[in-house]
Amino acid sequence: MEVDQALRALSQLKGAAPPTTSARLAEVITLVHALDRQAGELSAQIRQLDQEKDNLNFQLESVTRDATAVMLAQALETLRPSLLFVTEQAHSLREGRLGRLTTEQCDTLILMDDHAATALTLLETINEIASIQAGHYDLEPLLFSGLDLLAAAWQRCYRAAEQHEHQISVHADDPLPAVVGDYQHILTLLCDLLDNAIRYTPFGGVIRIMAESLGNQVLFSVADNGIGLSQEDHTRIGQPFWRALYQPLVRQSPGGGLRLYRAQQILAMHESQLFFSGEPGMGSTFSFTLPAG
């Protein structure tokens, strides 16, 4: 626009100028036209280069993600047998297959078993997240019962709750519509939320698994009266490898700080998200929605 205005002004001056000056202005106008055309060509070339750079960056990121996913998968396959061997041997020793053990030895074996299991879970979770980010993670959406989902989560986790002397209950709207999602992934996600509630609630706590119909959505929640969430927790929940280590119960429980991050990734693939609320010492609630079928 500024070039056009300048050209119009020069044309007006040319028309009013003496012949010699008019001729010089005509040369200037021709030069400005040429420079403007070259500037347009350069802008087009710059845009094309930017597009090519973006394409190259995308290709590089894709190759990097693919290579990372392959490397993590290979690491998992290499380390899984060793970690399973440690776990199996710890179980055998605790069962007394190589003789009677002292209380201290049993405690050490339990610790070994916990750390081996944590390492294996961490590797599997990292591998899963890398597959998601590389686009190699496919969902198998199905229509399933929300009540069946709650029952399956309770079945998987109630023994752990009993060991902590927690009261665990299931609450659901009646009727509760069926929902659409990848059943196995959603079940794992719900069990992770439930396991967190069990771990981070002091002995004798109260934990609820809930499902509520919201019309075209169903809200699933896990609520507890455990350690709760601080203001910092609210800003950092879901960050990979972050754990609230200022809490004694968190420090006592092994973990990699990836469960909630993975939950967010899985829910994003379902076009959903993770909701949470809570206050220090007052418990917390973690929720997500799935579309009703």
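Below: a short report on this structure. (Residues numbered from 1 in each chain as written. Predicted model: local features only at pLDDT ≥ 70, side-chain atom pairs only at ≥ 80, totals over all residues. Heavy atoms only, no water.)

**Focus on empty space enclosed by the protein**
Using the criterion set out here, one finds one cavity of 30 Å³ or more in the structure. Taken as a whole, the largest cavity spans an internal volume of roughly 50 Å³. Taken together, Glu-128, His-185, Thr-188, Leu-189, Asp-192, Arg-262, Ala-263 and Ile-266 make up the lining of the largest cavity. In terms of residue count, the dominant contributor to the lining of the largest cavity is helix H5 (residues 183-199) (four residues). A class-by-class count of the residues in the lining of the largest cavity yields three nonpolar, two polar and three charged. (1 Å grid on protein atoms, 1.4 Å probe; cavity = no way out; pocket = protein on both sides within 12 Å on 5 of 7 lines; lining within 4 Å. Points joined across faces, edges and corners; volume = space filled by probe spheres on them. Helix = DSSP H or I, 4+ residues; strand = E, 2+ residues; numbered from the N terminus. Nonpolar A, V, L, I, M, F, W, Y, C, P; charged D, E, K, R; others polar.)

**Brief notes about helix H4 (residues 146-163)**
Taking 1.5 Å of rise per residue, the 18 residues of H4 would be expected to cover 26 Å, and the 26 Å separating its terminal C-alpha atoms lies within 8% of that figure. By the largest-angle criterion, Cys-157 marks the main kink of H4, which is about 45°. Considering only its buried residues, H4 is in contact with strand S1 (142-144), strand S2 (167-172), H5, strand S4 (206-213) and strand S5 (217-224). Here H4 starts with a cap whose side-chain oxygen sits 3.1 Å from the backbone nitrogen of Leu-147, and that cap is Ser-145. Phi turns positive, to about 60°, at Glu-165, one or two residues after H4. (Expected span 1.5 Å × (residues − 1). Bend = angle between axes of the 7 residues up to and from the residue. Contact = heavy atoms within 4.5 Å. Polar contact = N/O pair within 3.5 Å; in protein donor to acceptor, adjacent residues only side chain to side chain.)

**Brief notes about the pattern of salt bridges**
Applying the stated criterion to the full structure yields five salt bridges. Put simply, Arg-259 and Asp-192 hold a salt bridge, and the shortest N to O gap is 3.7 Å. Remark: Asp-192 occurs in helix H5 and Arg-259 occurs in helix H8 (residues 259-269); sequence separation between them is 67 residues. Residue Asp-192 is classed as buried on the basis of its relative accessible area, which comes to 12%. (Salt bridge = Lys/Arg side-chain N within 4 Å of Asp/Glu carboxyl O. Buried < 20%, exposed > 50% of the residue type's maximum accessible area, 1.4 Å probe, protein only.)

**As for the environment of Pro-81**
Summarising the element assignment, Pro-81 is placed in helix H2 (residues 19-94). Spatially, the C-alpha atom of Pro-81 lies 9.7 Å from that of Leu-120, the residues being 39 residues apart in sequence.

**Focus on the packing of H5 against H8**
Interaxial distance between H5 and H8 falls to 10 Å at its minimum, and their mutual angle equals 150°. By the angle between their axes, H5 is roughly antiparallel relative to H8. With respect to the hand of their crossing, H5 and H8 are arranged in left-handed fashion. Between H5 and H8, the contacting residues are His-185, Ile-186, Thr-188, Leu-189, Asp-192, Leu-193, Asp-195, Asn-196 and Arg-199 on the first element and Arg-259, Leu-260, Arg-262, Ala-263, Ile-266 and Leu-267 on the second. A per-class count over the contact of H5 with H8 returns seven nonpolar, three polar and five charged. (Axes fitted to C-alpha atoms, helices over the stretch in contact; angles between N-to-C directions. Parallel < 35°, antiparallel > 145°, perpendicular 65-115°, else oblique. Left-handed = near helix turned anticlockwise from the far one by under 90°.)

**Description of the packing of H4 against H5**
With their axes 9 Å apart at the nearest point, H4 and H5 run at an angle of 35° to one another. Between H4 and H5 lies a crossing whose hand is right-handed. Packed against H4, whose contacting residues are Asp-148, Leu-149, Leu-150, Ala-152, Ala-153, Arg-156, Cys-157, Ala-160 and Ala-161, the element H5 presents Tyr-183, Gln-184, Ile-186, Leu-187, Thr-188, Leu-190, Cys-191, Leu-194 and Ile-198 at the interface. The residue inventory of the contact of H4 with H5, partitioned by class, reads 14 nonpolar, two polar and two charged.

**Re H5**
For H5, with 17 residues, the first-to-last C-alpha span of 24 Å sits near the 24 Å given by 1.5 Å per residue. Counting buried positions over the 17 residues of H5 gives twelve, a clear majority of the element. Among the residues of H5, Ile-186, Leu-187, Leu-189, Leu-190, Cys-191, Asp-192, Leu-193, Leu-194, Asp-195, Asn-196, Ala-197 and Ile-198 are the ones counted as buried.

**Notes on the layout of surface pockets**
Considering only enclosed or pocket space, the largest pocket measures out at about 1200 Å³ in volume. As for the largest pocket, its lining consists of 48 residues, of which Asn-196, Arg-199, Tyr-200, Ser-253 and Arg-259 are closest to the centre. Listing elements by their share of the lining of the largest pocket, those giving two or more residues are helix H3 (103-133), H4, H5, S5, helix H7 (248-252), H8 and strand S7 (284-291). Of all the elements, H3 adds the most residues to the lining of the largest pocket, at seven residues. Of the residues that constitute the lining of the largest pocket, the class distribution is 23 nonpolar, 17 polar and eight charged.

**Observations regarding the sheet that holds S2**
Sheet architecture is open: five strands sit in the order S2-S4-S5-S7-S6, paired in mixed fashion. Of all the strands in the sheet, the pair left with one neighbour each is S2 and strand S6 (275-278). Neighbouring strand axes in the sheet, compared pairwise and without regard to direction, differ in orientation by 15° on average. The sheet contact formed by S2 and S4 spans six bridges and is parallel. Bridged to His-171 within S4 is Met-210. H5 rests against S2, S4, S5 and S7 of the sheet, and its axis sits at about 170° to S7. (Pairing = 2+ DSSP bridges.)

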